[in-house]
Amino acid sequence: MTSVETDLLARVPAQLFIGGEWVDAAGGATFAVHDPSTGEVVREIADASPEDGIRALDAAVAAQDAWAATAPRERGEILRRAFELVQEHKEDLALLMTLEMGKPLAESRGEVAYGGEFLRWFSEEAVRISGRYGMNPEGTGRIVVSQRPVGPSFFITPWNFPLAMATRKIAPALAAGCTVVVKPAELTPLTTLFFVQLLAEAGVPAGVVNVVTTTSSGDVSAPIIADPRLRKLSFTGSTPVGQKLIAQAAEGVLRVSMELGGNAPFVVFEDADLDKAVEGAMLAKFRNIGQACTAANRFIVHESVAAEFARRVTERVEAMRVGRGTEDGVQIGPLIDDRAVAKATELVADAVSRGARVLMGGNAVEGRGSFYEPTVVEGVVPGSAILREEIFGPVLAISTFSDEDEAVRLANDTEYGLVSYVFTESLSRGHRMIDRLETGMMGLNVGVVSNAAAPFGGVKQSGVGREGGLEGIHEYLSVKYTLIPA
């Protein structure tokens, strides 16, 4: 570890952030955060107990009324200052994400830019919360529709985008006037702790944002969710965990936002521009080392162009450099842990046992760290596990189709519906795909769709609610109707 890395890690708080103060966990418990490229411990931080979680909720509840009454302009200006501080510390945040999650520095810098945009976007949306006023149809009174903050909110964020998943939830909540408790992923909590320092520096009042880090996610989360003072739950992660959280939230009839699993189809039609399709495939598959819910999982390619498409992507994948994300030129960093490597290995082995062919890669990388070779597999047949499960790794799996109806059937043949990618030069076919594919988002001739100004979310088992865009702030607002007699 370099001196720059050591100095940065020393500046990351090691405690919980509750009521505007950095405090130890009850009993002083701690846990280790590891660098997945080496397996080394990079920081020891506080390990919260259920008692600490309730203390954090107490602080959020105590701050709620004052924060809701804060002028929208002031809330927006605080978020804008937070955006500017993120830009000032972009190199620190990028390096920190690479150290705890593993992605190449270039990608970490991209996440800082993307995550920061939620702060800027919702700083502008804070002053655009509106309602309506008008005569009722009978002419007997005036209808007033207003919006108010939902109230104290609890966020459970994932390990794969440590900054962006925090800003995507915190920014709209604060803009709407809600206070929050955040529980970052056990594997990558350091970025959130560093970011919360910046929020405090930007002027976020004590108790408005609270952070509890823990190795006992279920034990800490359950009493917070069960507390009648909580009014909103937002989670990004796997569908099985999301289902359990929704069931827990139902007891208190909480508002929920769930961004869950994905199994994204990447459909290449016979008329596609293959240069665009290959470029899109590299982004949609290998961004974040394939560890993204939006990652293309099933490459469904027309039989007339499948061989050429496979040849071109294999050529690109062969040139990819694997290594620690801090090294120059590295495009593929480690997977988050050895379990992720084992899963990728098993999925590829299952596909091969059913007749698929490995064109490139297909093996774990020997030595330190949790590395898996960037891989291309062609001839994947129906029934293969790799077509049903999220890969969450750098494996590009190709199957074929013969006509448009078959492509749609294969693309929709999943319980998930987060995002889809379609490559075709036909405008009319592109419009048909918008209507026919069962996903909450779609990229037409592009491999990345995420944008702070657009609503992010899925259908079916991929979740409920939207984050980002004009729609994002409404997840944290409740509508109130008042009738005034004429």
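Quick caveat, the model's predicted, so the values are computed rather than measured.

S.K.: Just to check I follow, could you spell out the packing of aromatic side chains for this structure?
M.R.: Describing an aromatic ring pair means giving the distance of the ring centres and the angle of the ring planes. A full pass over the atoms with the stated rule returns nine aromatic pairs. A ring pair is formed by Tyr114 and Phe118, whose centres lie 5.1 Å apart and whose planes are at 70°; its orientation type is edge-to-face. A residue pair is termed a helical-turn pair when its members lie 3 or 4 positions apart in one helix, as Tyr114 and Phe118 do in helix α5 (residues 105-125) at four residues. You can call Tyr114 buried: its relative accessible area is 14%. Residue Phe118 is classed as buried on the basis of its relative accessible area, which comes to 1%. Summarising the aromatic geometry, the rings of Phe266 and Tyr421 are spaced 5.9 Å apart at their centres and angled 35° between planes, so their arrangement reads as tilted. Placement of Phe266 in strand β12 (residues 264-268) and of Tyr421 in strand β18 (residues 419-423) is noted, with a sequence separation of 155 residues between them. Each member of the pair, Phe266 as well as Tyr421, is classed as buried. Here the aromatic residues Phe266, Phe299, Phe309, Tyr421 and Phe423 are joined through ring pairs into a cluster of three or more. Sitting over the ring of Phe456, Arg168 keeps its end group 4.0 Å from the ring centre. Over the face of the ring belonging to Tyr476 we find Lys232, whose NZ or CZ atom lies 4.8 Å from the ring centre.

S.K.: What am I meant to see in the sheet that holds strand β13 (residues 296-302) here?
M.R.: Two orientations exist for strands paired in a sheet by backbone hydrogen bonds: parallel and antiparallel. Strand order across the open sheet formed by seven strands is β14-β15-β16-β13-β12-β18-β19, with mixed pairing between neighbours. Looking at which strands have only one partner, the edges of the open sheet turn out to be β14 (357-360) and β19 (441-444). Taking the axes of each pair of neighbouring strands and ignoring which way they run, one obtains an average angle of 25° across the sheet. Relative to strand β15 (residues 375-378), β14 runs antiparallel, the two sharing three bridges. Following the sheet pairing, Val358 is matched in β15 by Val377. Across the sheet, helix α13 (residues 404-412) touches β12, β13 and β16 (395-401), and the angle it forms with β16 is around 140°.

S.K.: Before we go on, may I ask you to explain the environment of Arg298 in this structure?
M.R.: In this fold, Arg298 is placed in strand β13. With a relative accessible area of 4%, Arg298 lands in the buried category. Beyond its immediate sequence surroundings of up to four residues, Arg298 is in contact with Asn263, Ala264, Pro265, Phe266, Leu387, Ala397, Leu410, Ala411, Asp413 and Thr414.

S.K.: So what exactly am I meant to see when it comes to the sheet that holds strand β5 (residues 132-135) here?
M.R.: Taken together, three strands build an open sheet; the order of strands is β5-β6-β22 and the sheet is antiparallel. With one partner strand each, in any of the chains shown, β5 and β22 (477-485) form the two edges of the open sheet. Ignoring strand direction, the axes of neighbouring strands in this sheet form an average angle of 20°.

S.K.: Can you help me understand the side chain of Thr98 in this one?
M.R.: For Thr98, the location among the structural elements is in helix α4 (residues 90-101). The class of Thr98 is buried, set by a relative accessible area of 4%. In this structure, Thr98 is in contact with Lys103, Pro104, Leu105, Ser108, Gly325 and Thr326, ignoring residues within four places of it in sequence.

S.K.: Mind showing me how you'd approach the environment of Ala364 here?
M.R.: Along the polypeptide, Ala364 turns up in the loop between β14 and β15. A relative accessible area of 40% means that Ala364 is categorised as partly exposed. The residues touching Ala364, leaving out its near neighbours within four places in the chain, are Val341, Phe371 and Tyr372.

About the cut-offs
Residues numbered from 1 in each chain as written. Predicted model: local features only at pLDDT ≥ 70, side-chain atom pairs only at ≥ 80, totals over all residues. Heavy atoms only, no water. Phe/Tyr/Trp six-rings, centres within 6.5 Å; stacked < 30°, edge-to-face > 60°. Helix = DSSP H or I, 4+ residues; strand = E, 2+ residues; numbered from the N terminus. Buried < 20%, exposed > 50% of the residue type's maximum accessible area, 1.4 Å probe, protein only. Lys NZ or Arg CZ within 6 Å of the ring centre and 35° of its normal. Pairing = 2+ DSSP bridges. Axes fitted to C-alpha atoms, helices over the stretch in contact; angles between N-to-C directions. Contact = heavy atoms within 4.5 Å.

Take it as geometry only, folks, not as evidence of what the structure does.
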